[in-house]
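# Structural overview for review
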Amino acid sequence: MSIETSIGLETGQPYPYRRVELVEPDWTRFPGWRDVTRAEWESVQWQRAHCVKNVKQLRDLMGDLIDERFYADLERDQRERATMSMLVPPQMVNTMVPHAVPAGPGSFTEAFYGDPLRHYMIPVFSDRRTDWPSHPYASRDSLHEHDMWVAEGLTHRYPTKVLAELLPTCPQYCGHCTRMDLVGNSTPAVDKLKFLAKPNDRLEAMLDYLRRTPAVRDVVVSGGDVANMPWPRLEAFVTALLEVENIRDIRLATKALVGLPQHWLQDDVRAGMERVAGLARARGVSLAIHTHANHAHSVTPLVADAARAMLEAGVRDVRNQGVLLDGVNADPHALLDLCFALLDGAGVMPYYFYMCDMIPAAEHWRVSLADAQRLQTAIMGYLPGFATPRIVCDVPFVGKRWVHQVTTYDTERGVSGWTKNYRTSIEATDAEALTRTYEYYDPIHTLPESGQDWWRRRAGLDAQLALT
Ligand code: SF4
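The rules we used
- Residues numbered from 1 in each chain as written.
- Predicted model: local features only at pLDDT ≥ 70, side-chain atom pairs only at ≥ 80, totals over all residues.
- Axes fitted to C-alpha atoms, helices over the stretch in contact; angles between N-to-C directions.
- Helix = DSSP H or I, 4+ residues; strand = E, 2+ residues; numbered from the N terminus.
- Parallel < 35°, antiparallel > 145°, perpendicular 65-115°, else oblique.
- Left-handed = near helix turned anticlockwise from the far one by under 90°.
- Contact = placed C-beta atoms within 7 Å.
- Nonpolar A, V, L, I, M, F, W, Y, C, P; charged D, E, K, R; others polar.
- Pairing = 2+ DSSP bridges.
- Right-handed = clockwise from strand over helix to strand, strands pointing away.
- Near = placed C-beta within 6 Å.
- Buried ≥ 20, exposed ≤ 12 C-beta atoms within 10 Å, placed from the backbone.
- Core = buried A, V, L, I, M, F, W, Y, C linked by C-beta atoms within 7 Å.
- Domains from an automatic or database assignment.
- Arc of directions from axis to C-beta.

Our focus in this paragraph is the packing of helix H14 (residues 332-346) against helix H15 (residues 369-379). Following both chains from N to C, one finds H14 and H15 inclined at 50 degrees, their axes separated by 9 Å at the closest point. Relative to H15, H14 is oriented oblique. As for how H14 packs across H15, the hand of that crossing is right-handed. Residues Pro332, Leu335 and Leu336 of H14 touch H15, and the partners they reach there are Leu375, Ala378 and Ile379. Of the residues belonging to the contact of H14 with H15, the class tally is 6 nonpolar, no polar and no charged.

Strand direction decides the pairing type here: strand S10 (residues 349-355) and strand S11 (residues 390-395), joined by 3 bridges, are parallel. The residue of S11 that forms the bridge with Tyr354 is Val392. Taking the sense of rotation as the criterion, the β-α-β connection linking S10, H15 and S11 turns out right-handed. As paired strands, S11 and strand S12 (residues 399-402) are joined by 4 bridges and run antiparallel to one another. Counterpart to Cys393 in the pairing with S12 is Arg401. Between the end of S11 and the start of S12, which pair antiparallel, lie 3 residues, with Phe397 showing a positive phi angle near 70 degrees.

The immediate surroundings of the ligand are formed by Cys170, Gln172, Tyr173, Cys174, Cys177, Arg179, Val183, Gly224, Asp225, Lys255 and His292. Split by residue class, the shell around the ligand holds 5 nonpolar, 3 polar and 3 charged.

Once that is clear, we can look at the pairing of strand S9 (residues 317-324). Counted residue by residue, S9 has 6 buried out of 8 residues, so it is predominantly covered. Bridge count for strand S8 (residues 286-291) against S9 is 4 bridges, and the pairing is parallel. Within S9, the position partnered with Ile289 by the bridge is Val318. Following the backbone out of S8, through helix H13 (residues 301-313) and into the adjacent parallel S9, one traces a crossover that is right-handed. In terms of handedness, the path from S9 via H14 over to S10 forms a crossover that is right-handed.

Inside soluble globular proteins, nonpolar side chains tend to come together where they are buried. Residues Ile250, Met310 and Leu324 are the most contacted members of the largest nonpolar core, which totals 124 residues. If you count residues domain by domain, this core takes at least three from each of domain 1 (21-127) and domain 2 (146-400). If we ignore the near neighbours within four places in the chain, the residues touching Leu324 are Asn329, Ala330, Phe353, Tyr354, Met355, Cys356, Val367, Ala372 and Ile391.

Along its sequence, the protein chain is carved into domain 1 (21-127) and domain 2 (146-400). Taking only C-alpha atoms into account, the centre of domain 1 sits 24 Å from that of domain 2. At the junction of the two partners, domain 1 supplies 30 residues and domain 2 supplies 40 residues. Contributions of two or more residues to the side of domain 1 that touches domain 2 are made by helix H2 (44-49), helix H4 (68-80), helix H5 (90-93) and helix H7 (116-121). The element contributing the most residues to the side of domain 1 that touches domain 2 is H7, with 5 residues.

Turning next to H15. Regarding H15, the residues found buried are Leu369, Asp371, Ala372, Leu375, Gln376 and Ile379. Projected down its long axis, H15 shows its buried positions confined to an angular sector of 160 degrees, all on one face. Those residues of H15 hidden inside the fold are in contact with S9, H14, S10, S11, strand S13 (408-410) and strand S14 (415-418). Immediately beyond the C-terminal end of H15, within one or two residues, lies Gly381, with a positive phi of roughly 95 degrees.

Let us now look at the environment of Leu383. With respect to the helices and strands, the residue Leu383 is situated in the loop between H15 and S11. Once you skip the residues sitting within four places of it in the chain, Leu383 turns out to touch Cys339, Leu343, Pro350 and Thr388.

In this section: the sheet that holds strand S4 (residues 154-156). Taken together, the 10 strands give an open sheet; going across it, the order is S3-S4-S5-S6-S7-S8-S9-S10-S11-S12, and neighbouring strands pair in mixed fashion. Edge strands, defined here as strands with exactly one partner in the open sheet, are strand S3 (149-151) and S12. Each strand of the sheet is rotated relative to its neighbour by a mean of 30 degrees, with strand direction disregarded. Contacting S3, S4, strand S5 (161-165) and strand S6 (218-222), helix H8 (residues 199-211) runs over the sheet at an angle of about 100 degrees to S3.

To continue, consider the packing of helix H9 (residues 231-242) against helix H12 (residues 267-282). Packed helix pairs are specified by the crossing angle of their axes together with the interaxial distance, meaning the distance between the axes. Across the interface, H9 lies against H12 with an axial gap of 10 Å and an inter-helix angle of 5 degrees. Considered as vectors, H9 and H12 are oriented roughly parallel to each other. Taken together, the residues of H12 that come into contact with H9 (itself represented by Trp231, Glu235, Val238, Thr239 and Leu242) are Asp268, Val269, Gly272, Arg275, Val276, Leu279 and Ala280. Of the residues assigned to the contact of H9 with H12, the class counts are 7 nonpolar, 2 polar and 3 charged.

Right, here's the structure in full:
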């Protein structure tokens, strides 16, 4: 990686900003891709056909670069803990241990274990905590999106906006996926929820709800990942949305912009996006793309090309919503490196970092609210104000709250209290919805010993009660 300019290194700033040139790591460093050409690499069909979906395929790709203990560790995780099945496009694998294959026996394995992208895309058993692998209050649909469905897959949580889950699949599966309840294939640990209605009927029911609900002006079109929807069907849905008079904002959610940028660089997708973006502009509707990058290494020249292609096609903005993850990016330098790579290198606007949600087996990724607040403070002042991401906690039954908006915070037990200024769609007649305090919980291993003791005693009591 070459450094073009170096500003502030000598000024003693806590974060020395430096402009970094984006790099597509050399994929031929992996034994299984030694003969892969650039044309193959840039083909979305080749990328989809060569995704790593299981331990055997990882072994075929990496050969003995990785020790057996890693493969065994991965196999055990898949059997006992994984909430998402494995699906990693070559584009993403290539951003792991990106710069060079370290020399010496076992050194690649160590570098692979320590790699931030590997840490969330290919989780292994030894990553997870053994004391509290899951928080006692973790749940499969931790944000209760399903409870707020007003049509199958259409979550109406905030007063003016909805989330439309068009499909339950993605071109890549992230280990920490908050929609682990629904998205992806079932794993030994998680039998996934299935949509019941036929896809066309579901989408029609969503449009029908939006047509008769003028209070909704903003639709997040998501999944899953919209990159897995055949373009003509996605275009038809967005075009139908644009015909709903009350819809003023449409955001297309696709991690594939960073996981499989080749998808968004296809000629037919670019031409189709140009058509819907033109229609949106003509109707005064803001059409944007929201993507999900968690580490600067993900932002490669191909990702920048895909983001620029979408901006050239006429979308109003491409924004990033990352997830704050321990071992990946929970560090001010890592967050700022990512934000500058997005902003300087790819024209992508840093927007949010979500605290990792309270899903099962996620405690090793989660950070405490206090740490999230410290990180928010540490990243202020370096980026332009409009590109300074907010770190938010998605509080069950509340929604996104900026981490400094907390109302009460017991740092000994790791219990934070939050209030809200709107009702969700299931609280129309709940007299206390606007005055109640809703709780969120820090990972127990981050608490002082007295707080951890309190949770242990409580877990013991709960176990006793369950037996009586
Ligand atoms: S891309 Fe998004 S929806 Fe798909 S697995 Fe990752 S976090 Fe979940």
